[in-house]
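Coordinates in review
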2 protein chains.
Amino acid sequence: MELTDRKKEILKLVIEQYISAAEPVGSKAIAREMGVSSATIRNEMAELAELGYLEQPHTSAGRVPSPKGYRLYVNELMEQRALSLQETEEINSALQLRMQELDSVLAKAGQVVSSIVRYPAYAIVAGSGGGVRQFNLLPVDLGSFIAVVMTDDGRVKSQLLHTEVDVTGEDLAALTALLNDRFIQLTPQEMGARLMEAVLPPGQFMALSKTIGYAGDILADSVQVYTAGTKNILKLPEFRDADKAHELMSLFTEGQDLLPAPVNGAGMQVLIGPENVNEALKDTSVVMASYDIGEHMRGLIGVVGPTRMDYASVAARLSYFAESLTRLFGQHSGELPPVKETKENE
Amino acid sequence: MELTDRKKEILKLVIEQYISAAEPVGSKAIAREMGVSSATIRNEMAELAELGYLEQPHTSAGRVPSPKGYRLYVNELMEQRALSLQETEEINSALQLRMQELDSVLAKAGQVVSSIVRYPAYAIVAGSGGGVRQFNLLPVDLGSFIAVVMTDDGRVKSQLLHTEVDVTGEDLAALTALLNDRFIQLTPQEMGARLMEAVLPPGQFMALSKTIGYAGDILADSVQVYTAGTKNILKLPEFRDADKAHELMSLFTEGQDLLPAPVNGAGMQVLIGPENVNEALKDTSVVMASYDIGEHMRGLIGVVGPTRMDYASVAARLSYFAESLTRLFGQHSGELPPVKETKENE
DNA sequence: CTTTAGCACTCGCTTCCCCGGAGTGCTAAG
DNA sequence: CTTAGCACTCCGGGGAAGCGAGTGCTAAAG
């Protein structure tokens, strides 16, 4: 049972007005926009309310959109709101930063999105899992060395490790060869198992074991979450109550793994109020966009706001941003060698 | 002009009561604790107010400590409040984490402190400046390589870099030698200058230049700030006003370099309300402790709270924490070779 | 000279009430 | 189907009143 065009028009106006004013909207305001009398609008609104698209906080206040109403709006009614020149420039220049660590790009991405849309944002990268693609152990002095680990998903990490027993440069070279020969592309558990089988002099064994422990740590945090702009919620009337704000902030700082991720690879997704599984998000909405990082990883960037969030604007900005990121990572990571069979060192 | 012992006792009680209740304290409550009549206390409190140690929000409300009062309290009156067994354990176990990246230890430190004292906390490391101690370039494939940089202050960073021109393993080995010979312990500017002088085949030159750019970036962010627990302020009555909270949070997320650092190497320092230079901190207090990281760096950990913050408790926890950190870094970094003249690779 | 009891006074906070205004639903007429 | 009119509802703001915690002062007691 389709709504008439006029009902949709009214719904759209109500939502947009409510989004910008955060107060129940009355029939008069709509009537003014549409050139009919307020009574007409009242009748229409009463029907929309009966159908579940609008709600009234109490008899004789204006109407407020229901989640169902927002859903219709997001699916059919809203028009992508174009970005201002300034905004596209802001995004572009933010992405100009030298492709440093993947981490920092994503942390930055969260910040930029958040500062543009004025809602808290989060970014998630899910590595393709996988194992280590390449090891290198570098001598520093006899008691310590640098372990460099490159993973299948293209991350490079390094750390200074210490052994209680002396280890020479030759020891490390031998270990590097061993690692690249027998410890490549394994899960941490498998690496642990192979470690047990290894028979080596104590110094080498210790270095090997520390390196593998380190690699395990790296593989373990293949899912990382960056959040930004949480403080923005304090400017929203729906979070005037400090406790509400606190609850949502806790989700951002402590329950990051509870933040929603899109069900499948769908480009852009919107979760409205109660559509959220997470209890703490029941009366907030989330807009998410995903993008590719090279060929083996997928990133997600999401924005959390009140159900009254400006979907049109957020969606437009987010999708532009996600496209830019895909393009950015396409360029650089395209140069990465294919994952398989490309060990050429030692 | 010294205060009498009884006046000090009263001041102490007033402050402690105000700290825990956040409401002006009246003479009756104090009288109950001291076994004299409320009238006596009233007289004493009137004098304390006259001397500037107490203030009254308006005639006929209780008294509230003034910054001057807090100052006296911090300097003379408060007694270090012992940590509960549980708290020491919490701190110890938090520090048990494998000495991964220095960054993560400090980020963690901020979080732990913040969660213990229930105020926002921040951690700063100031590197000793210095330059790069050791370079390593590792082959990945012909178009890309890994640059590993270890700085004088003991940080190890690495990143995948791309060249548009092919670079072989031999090229990289040669460059590594060159770097460790001529680009060690320089400022980014000096490195740039030497790069200009270098005469090399294009592939090598490009790799060299990218590496140096990368090293420059690393040296540039030798001062890092980690913040944690900002949301804790939302639980405090003095930040019920969302705007106040927002302002302070902005300082934490955007104005991190404005956070106070101790004037000299003094172990523990307290800034009370207007003693803060920063406008946004004028009615908050800051407790800071510093600690050594190895022999070449110094770290700072600070807690921000309302002037009514629980100085005794925070100071005790912070100093315990700082001592633990010093001990922790002493152990590990003690094994680092002295900075000078210890290049032994190539 | 200090302490204490007593008392009048101040002042912020809460509660209650009243009222205006915005908005509604309904009815009846165009 | 639209519109004007009207009675009704209910939120929110603005006093007014009362309460209670606390003060300053005075005078008496130790």
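Summary of the structure given here. (Residues numbered from 1 in each chain as written. Chains lettered and ligands numbered in written order. Predicted model: local features only at pLDDT ≥ 70, side-chain atom pairs only at ≥ 80, totals over all residues.)

A separate point is the protein's contact with DNA strand C. Around DNA strand C sit 19 residues, and of these Gly26 and Ser27 of chain A together with Val36, Thr40 and Ser60 of chain B come closest. For the surface near DNA strand C, the secondary-structure elements that each account for two or more residues are helix H2 (27–34) and helix H3 (38–51) of chain A together with helix H3 (38–51) of chain B. Looking at side-chain class alone, the surface near DNA strand C contains 6 nonpolar, 10 polar and 3 charged residues. (Near = placed C-beta within 6 Å. Helix = DSSP H or I, 4+ residues; strand = E, 2+ residues; numbered from the N terminus. Nonpolar A, V, L, I, M, F, W, Y, C, P; charged D, E, K, R; others polar.)

Residues and elements named next belong to chain B. Taken together, 5 strands build an open sheet; the order of strands is E7-E3-E10-E9-E8 and the sheet is antiparallel. Pairing within the sheet leaves two strands with one partner each, and these edge strands are strand E7 (223–228) and strand E8 (268–271). Sheet twist, expressed as the mean angle between neighbouring strand axes with direction ignored, is 15 degrees. Bridge count for strand E3 (residues 121–126) against E7 is 6 bridges, and the pairing is antiparallel. The residue of E7 that forms the bridge with alanine 126 is valine 223. (Pairing = 2+ DSSP bridges. Axes fitted to C-alpha atoms, helices over the stretch in contact; angles between N-to-C directions.)

Bringing the pairing of strand E10 (residues 297–306) of chain A into the picture now. Walk down a regular strand and you will see the side chains alternate between the two sheet faces. All names here are of chain A. Burial within E10 is extensive, with 8 of its 10 residues counted as buried. Sheet analysis places strand E3 (residues 121–126) next to E10, joined by 6 bridges and oriented antiparallel. Residue alanine 121 lies in a different strand from E10, and its bridge partner there is valine 303. (Buried ≥ 20, exposed ≤ 12 C-beta atoms within 10 Å, placed from the backbone.)

All right, on to the sheet that holds strand E6 (residues 156–162) of chain B then. All names here are of chain B. The 3 strands are arranged E4-E5-E6 in an open sheet whose pairing can be described as antiparallel. For this open sheet the edge positions go to strand E4 (132–141) and E6, each flanked by a neighbour on one side alone. Ignoring strand direction, the axes of neighbouring strands in this sheet form an average angle of 20 degrees. Strands E4 and strand E5 (144–151) of the sheet are contacted by helix H7 (residues 169–182), whose axis makes an angle of about 175 degrees with E4. (Contact = placed C-beta atoms within 7 Å.)

All names here are of chain B. Along its 16 residues, helix H6 (residues 102–117) runs 23 Å from first to last C-alpha, staying within 8% of the 22 Å computed at 1.5 Å per residue. For H6, the full list of buried residues reads Leu102, Val105, Leu106, Ala109, Gly110, Val112, Val113, Ser114, Ile116 and Val117. Count one or two residues on from H6 and you reach arginine 118, which has phi positive near 65 degrees. (Expected span 1.5 Å × (residues − 1).)

What follows concerns the packing of helix H1 (residues 5–21) of chain B against helix H4 (residues 67–77) of chain B. Residue and element names in this part refer to chain B. Two elements in contact, H1 and H4, have axes whose closest approach is 10 Å; the angle formed by their N-to-C orientations is 110 degrees. When the axis of H1 is compared with that of H4, the two are roughly perpendicular. Two secondary-structure elements touch here, H1 through Lys8, Leu11, Lys12 and Ile15 and H4 through Gly69, Tyr70, Leu72, Tyr73 and Leu77. The residue makeup of the contact of H1 with H4, split by class, is 6 nonpolar, 1 polar and 2 charged. (Parallel < 35°, antiparallel > 145°, perpendicular 65-115°, else oblique.)

Turning to the protein's contact with DNA strand D, a few remarks are in order. Taken together, 20 residues lie near DNA strand D, and Val36, Thr40 and Ser60 of chain A together with Gly26 and Ser27 of chain B sit nearest. Looking at the surface near DNA strand D element by element, the count peaks at 4 residues for H3 of chain B.

Glancing now at the pairing of E4 of chain B. Residue and element names in this part refer to chain B. Most of E4 sits inside the fold, with 9 of its 10 residues counted as buried. Sheet analysis places E4 next to E5, joined by 8 bridges and oriented antiparallel. In the sheet register, proline 139 faces E5, and the bridge partner there is phenylalanine 145. Counting the residues in the hairpin turn of E4 and E5 gives 2 residues.

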